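# Breakdown of the fold
One letter stands for each residue in the lines below.
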There are 2 protein chains.
Amino acid sequence: MNSQFKKGVLELMVLKTVRRRDVYGYELVETIRQAIDVNEGTIYPLLKRLTNERYFETYLRESPEGPPRKYYHITAAGILQLDALEREWDEFHNSVCEFLKEMNERG
Amino acid sequence: MNSQFKKGVLELMVLKTVRRRDVYGYELVETIRQAIDVNEGTIYPLLKRLTNERYFETYLRESPEGPPRKYYHITAAGILQLDALEREWDEFHNSVCEFLKEMNERG
DNA sequence: ATAGCTATTTGACAATGCAAGGTAGCTTGC
DNA sequence: GCAAGCTACCTTGCATTGTCAAATAGCTAT
């Protein structure tokens, strides 16, 4: 898959996933991988950035099967950002799809 | 608009526009601007890259209202690339939209 | 000649995905 | 005990690609 398509969309997908319920990083990678191919080295820096920007808060929990997990919880600011990003994504992908259709029609 | 969304999609839009008919750079910028906000400094380097990659051929034509225009014409390789990119875009945007829907439903 | 439009090009910059590698806890089998 | 393999987290350096700002230049109208 063209990795360029992912730019910007991954932030949306991460925010959306964490809003549903608190998740830890590794789990989040697996969740998003169900939809698109994505690398751990992409997600962890993104989680760090979104936490720095106060869209997430974090806490640690012990795991029954490995090292402790860092859970991410979305903040009010994070929800606002998610809503904005989702609107922008809708507008963007509608614009692109309509444009592609128009280019099919007229010469 | 989130400028990151554009990465990768612009190449698709440019290929699609030039396949419809030969266009010159400035005209192409105006055409794509009907759909999404885009900068000249984004399009010209992209045209150069796609020409280097043999997806486009170019020729000059005098203009009745300004300096000569460089027209871009798509090659067979360009059409193949366009078809591939368009398939990838469809798959990608379907995956993302389905993922966003799923995240709405289950908790 | 001055302003404004058309048209192309370039260079420095910023955002972000990825490969690769590192650290560390836990479980299983020898 | 200890080596292998999985889970889990994190970082560094790199490549790609869009953005901004500016330079160049032809043409038209005032």
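These remarks concern the structure in this document. Just so you know, these numbers come straight off a predicted model, no measurement behind them.

### Section: the environment of Glu 11 of chain B
Residues and elements named next belong to chain B. Here Glu 11 shows up in helix α1 (residues 9-20). With 75 residues separating them in the primary sequence, Glu 11 and Glu 86 have C-alpha atoms 10 Å apart. Setting aside residues up to four positions removed in sequence, Glu 11 forms contacts with Leu 46, Arg 49, Leu 50, Gln 81 and Leu 85. In this structure the side chain of Glu 11 is engaged in a polar contact, spanning 3.0 Å, whose partner is the side chain of Gln 81.

### Details of the pairing of strand β3 (residues 66-74) of chain B
Consecutive residues of a regular strand have side chains that alternate between opposite faces of the sheet. All names here are of chain B. Examined bridge by bridge, strand β1 (residues 23-24) and β3 share two bridges and lie antiparallel to one another. Paired with Val 23 across the strands is Tyr 72, a residue of β3. Where strand β2 (residues 56-63) lies against β3, seven bridges are found, and the strand directions are antiparallel. Of the residues in β3, the one forming a bridge with Thr 58 is Tyr 72.

### A look at the protein's contact with DNA strand D
Close contacts around DNA strand D come from 29 residues, with Tyr 26, Lys 48, Arg 69 and Lys 70 of chain A together with Thr 42 of chain B the closest. In DNA strand D, atoms within 4 Å of the protein come 70% from sugar and phosphate. The separation between a base nitrogen of DNA strand D and a polar side-chain atom of Glu 40 of chain A is 3.3 Å. Of all the secondary-structure elements, those providing two or more residues to the surface near DNA strand D are α2 (25-33), α3 (40-52) and β3 (66-74) of chain A together with α3 (40-52) and β3 of chain B. Across the surface near DNA strand D, the residue classes tally to 10 nonpolar, 10 polar and nine charged.

### Looking at the side chain of Thr 31 of chain A
Looking at where Thr 31 of chain A falls in the secondary structure, it is placed in helix α2. The buried category is assigned to Thr 31 of chain A, whose relative accessible area is 10%. The residues touching Thr 31 of chain A, leaving out its near neighbours within four places in the chain, are Thr 17 and Arg 20 of chain A together with Phe 99 and Met 103 of chain B.

### Quick notes on the relation of the copies chain A and chain B
Least-squares fitting of chain A to chain B yields an RMSD of 0.1 Å, with the transformation described by 0.0 Å of translation along the axis and a rotation of 180°. Taken together, the turn and the small shift mark the pair as related by a two-fold rotation axis. Considering only C-alpha atoms, the part of chain A nearest the rotation axis is Lys 7 of chain A, at 3.1 Å. Same-surface contact between copies: 100% of interface residues of chain A are shared with the interface of chain B.

### Examining the packing of α2 of chain A against α3 of chain A
All names here are of chain A. Two elements in contact, α2 and α3, have axes separated by 10 Å at closest approach and are oriented at 125°. As judged from the angle between their axes, α2 and α3 are oblique. As α2 runs across α3, the sense of the crossing is right-handed. Packed against α2, whose contacting residues are Gly 25, Tyr 26, Leu 28, Val 29, Ile 32 and Arg 33, the element α3 presents Glu 40, Ile 43, Tyr 44 and Leu 47 at the interface. Of the residues belonging to the contact of α2 with α3, the class tally is seven nonpolar, one polar and two charged.

### So, the layout of surface pockets
Residue and element names in this part refer to chain B. In this structure, the largest pocket occupies an estimated 280 Å³ of space. Looking at the largest pocket, it is lined by 14 residues, and the ones nearest its centre are Lys 6, Lys 7, Gly 8, Leu 10 and Thr 42. Of all the elements in the fold, those that place two or more residues in the lining of the largest pocket are α1 and α3. The biggest single contributor to the lining of the largest pocket is α3, with three residues. Looking at side-chain class alone, the lining of the largest pocket contains three nonpolar, six polar and five charged residues.

About the criteria used
Residues numbered from 1 in each chain as written. Chains lettered and ligands numbered in written order. Predicted model: local features only at pLDDT ≥ 70, side-chain atom pairs only at ≥ 80, totals over all residues. Heavy atoms only, no water. Helix = DSSP H or I, 4+ residues; strand = E, 2+ residues; numbered from the N terminus. Contact = heavy atoms within 4.5 Å. Polar contact = N/O pair within 3.5 Å; in protein donor to acceptor, adjacent residues only side chain to side chain. Pairing = 2+ DSSP bridges. Near = heavy atom within 4 Å. Nonpolar A, V, L, I, M, F, W, Y, C, P; charged D, E, K, R; others polar. Buried < 20%, exposed > 50% of the residue type's maximum accessible area, 1.4 Å probe, protein only. Least-squares fit on C-alpha atoms with pLDDT ≥ 70 in both. Axes fitted to C-alpha atoms, helices over the stretch in contact; angles between N-to-C directions. Parallel < 35°, antiparallel > 145°, perpendicular 65-115°, else oblique. Left-handed = near helix turned anticlockwise from the far one by under 90°. 1 Å grid on protein atoms, 1.4 Å probe; cavity = no way out; pocket = protein on both sides within 12 Å on 5 of 7 lines; lining within 4 Å. Points joined across faces, edges and corners; volume = space filled by probe spheres on them.

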